[in-house]
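Letter by letter, the chains look like this.
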Amino acid sequence: MSVPFALKPVMVVVGTRPEIVKMAPIIRAFKKHEVPFSFVHCGQHYDYNMSQQFIEELELPAPDYGFKVKAASAGLQTARIMALMDRLLAKVVAGLVLVEGDTNTVLAAALAANRRGVAVGHVEAGLRSFDLRMPEEHNRRLTDHLSALLFAPTERAKANLERESVWGKIYVTGNTVIDAVAQHLPIAERKSKILSQIRFERFALATAHRAENVDNLAVLKNFVRAFMESPVPVVYPMHPRTRKRLRQNGLLAEVMQCGNVQVLPPLGYLDFLVLMRRCELIVTDSGGVQEEATSPLIRKPVLVIRLSTERPEAVEARFAKVVGTGKHQILTAITAALESKKQLPEKSPFGDGNASEKIVEIIKKELRRYI
């Protein structure tokens, strides 16, 4: 169904790989329903493998506007994105700035829109780890309180927002990451060649990139020692931040030479989906991976190598377990997960794969009110 021509375009803003993945179903739904939109890439992940590759793989339109933001600190990066977004919003008409998640891009775009009097929509609103060491916790909380439309993935997320008395409208929609897995895994199984590169028949899939982990030498050592001693071989697509820290601390060569660990460069989304589908279990500090693993097409146990998670629904549904950052804790959890005979649920706690359709219908309804 077409929307009125006078509807002001939605400005879809992304800056990192997870944002691209989770916004992809929404962009497709905008096109399907003929909702006018512009696509902005703020360049928080400026490395090709971390950003542009995902846009191409997912067959999304090229961004209408794009920045490359290299900054020495998170604060400077946020400030630069905010300044660039402010300049863009001064020239480009937008009825709504739509952001997703908890990155520096999300907060910067929301602040810039707020200062320009443009409404903000926050996809994945209401997540809380209650761990204030995490910069993402500050980003998501501030963005929620700046937003006019809050798209909460679960009832728990809605309750968090209500407890904080946010002023925007709250809608429970599910998480678009489940939509993304359903839309893209069949394509990944056809196109990806990643399995031909994997040395192991059985393996655990590991990722680690969060600042509070990889910037802490003791924690970083725990991670790599646990991977090297794991009872099942570990396939480890390495984030550029992690590689840099390992090199700086003289650990990279040791990990690369370990026969129990296969280090890969950052992977495209389709390759990563295939590895999630085929692995025995997942060891990660990523929030998005905790969600993706609950998809009915993936259904893998996840060991969260952090002290907390903003996805408690995955823990309650028995998909995920927060195991901490100690080497012994991680190794014990890997062994227990491999020996467990428990069946994981058939349904995801993060929705039924129709979140993007729900979000777009809500946006159409809300924007019509201002015509």
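This write-up is about the structure you can find in this document. Given the structure is predicted, the values throughout are model-derived calculations rather than measurements.

1. Looking at the sheet that holds strand 3 (residues 65-66)
Logical step 1: Sheet architecture is open: 7 strands sit in the order 3-2-1-4-5-6-7, paired in parallel fashion. The two strands at the open ends of the sheet, each matched to only one other strand, are strand 3 and strand 7 (169-172).
Logical step 2: As paired elements, strand 4 (residues 96-100) and strand 5 (residues 120-123) share 4 bridges and run parallel to each other. Counted as the bridge partner of Glu100 is Val123 from strand 5.

2. As for the packing of helix 3 (residues 74-91) against helix 4 (residues 104-115)
Logical step 1: Relative to each other, helix 3 and helix 4 sit at 40°, their axes nearing to 8 Å. It follows that helix 3 is oblique to helix 4 by the angle criterion. When the axes of helix 3 and helix 4 are compared, the crossing they make is right-handed. Of helix 4, the residues touching helix 3 (which contributes Ala74, Gln77, Thr78, Ile81, Met82, Met85, Asp86 and Leu89) are Asn104, Thr105, Ala108, Ala109, Leu111, Ala112, Ala113 and Arg115.
Logical step 2: Broken down by class, the residue content of the contact of helix 3 with helix 4 amounts to 10 nonpolar, 4 polar and 2 charged.

3. Considering the nonpolar core
The nonpolar side chains of soluble globular proteins are, as a tendency, buried together.
Logical step 1: The biggest cluster of nonpolar side chains holds 60 residues, and the ones touching the most others in it are Val10, Phe30, Leu98, Phe151, Tyr269, Leu275 and Ile363.
Logical step 2: Sequence-distant contacts of Phe151, that is, excluding residues within four places in its chain, are made with Leu98, Gly121, His122, Val123, Glu124, Ala125, Tyr171, Thr173, Ile359, Ile362 and Ile363.

4. A short note on the sheet that holds strand 12 (residues 302-304)
Logical step 1: Spatially, 10-9-8-11-12-13 is the arrangement adopted by the 6 strands of the open sheet, whose pairing is parallel. At either margin of the open sheet sits one strand with a lone partner, and together these are strand 10 (261-264) and strand 13 (320-322). Each neighbouring strand pair of the sheet contributes to a mean axis angle of 20°, computed without reference to strand direction.
Logical step 2: Relative to strand 11 (residues 281-284), strand 8 (residues 204-207) runs parallel, the two being bridged by 4 bridges. Looking at the pairing, Leu205 lines up with Ile282 of strand 11.

5. Topic: unusual backbone geometry
Logical step 1: Of note, Glu59 is a non-glycine position whose phi angle comes to about 55°, a positive value.
Logical step 2: In this fold, Glu59 is placed in the loop between helix 2 (52-57) and strand 3.
Logical step 3: The exposure class assigned to Glu59 is exposed, which follows from its relative accessible area of 57%.
Logical step 4: The backbone of Arg299 sits at a positive phi, close to 50°, despite the residue not being glycine.
Logical step 5: Assignment of secondary structure puts Arg299 in the loop between helix 13 (287-292) and strand 12.

About the thresholds
Residues numbered from 1 in each chain as written. Predicted model: local features only at pLDDT ≥ 70, side-chain atom pairs only at ≥ 80, totals over all residues. Heavy atoms only, no water. Pairing = 2+ DSSP bridges. Helix = DSSP H or I, 4+ residues; strand = E, 2+ residues; numbered from the N terminus. Axes fitted to C-alpha atoms, helices over the stretch in contact; angles between N-to-C directions. Parallel < 35°, antiparallel > 145°, perpendicular 65-115°, else oblique. Left-handed = near helix turned anticlockwise from the far one by under 90°. Contact = heavy atoms within 4.5 Å. Nonpolar A, V, L, I, M, F, W, Y, C, P; charged D, E, K, R; others polar. Core = buried A, V, L, I, M, F, W, Y, C linked by side-chain atoms within 4.5 Å. Buried < 20%, exposed > 50% of the residue type's maximum accessible area, 1.4 Å probe, protein only.

The analysis is restricted to geometry; functional conclusions fall outside its scope.
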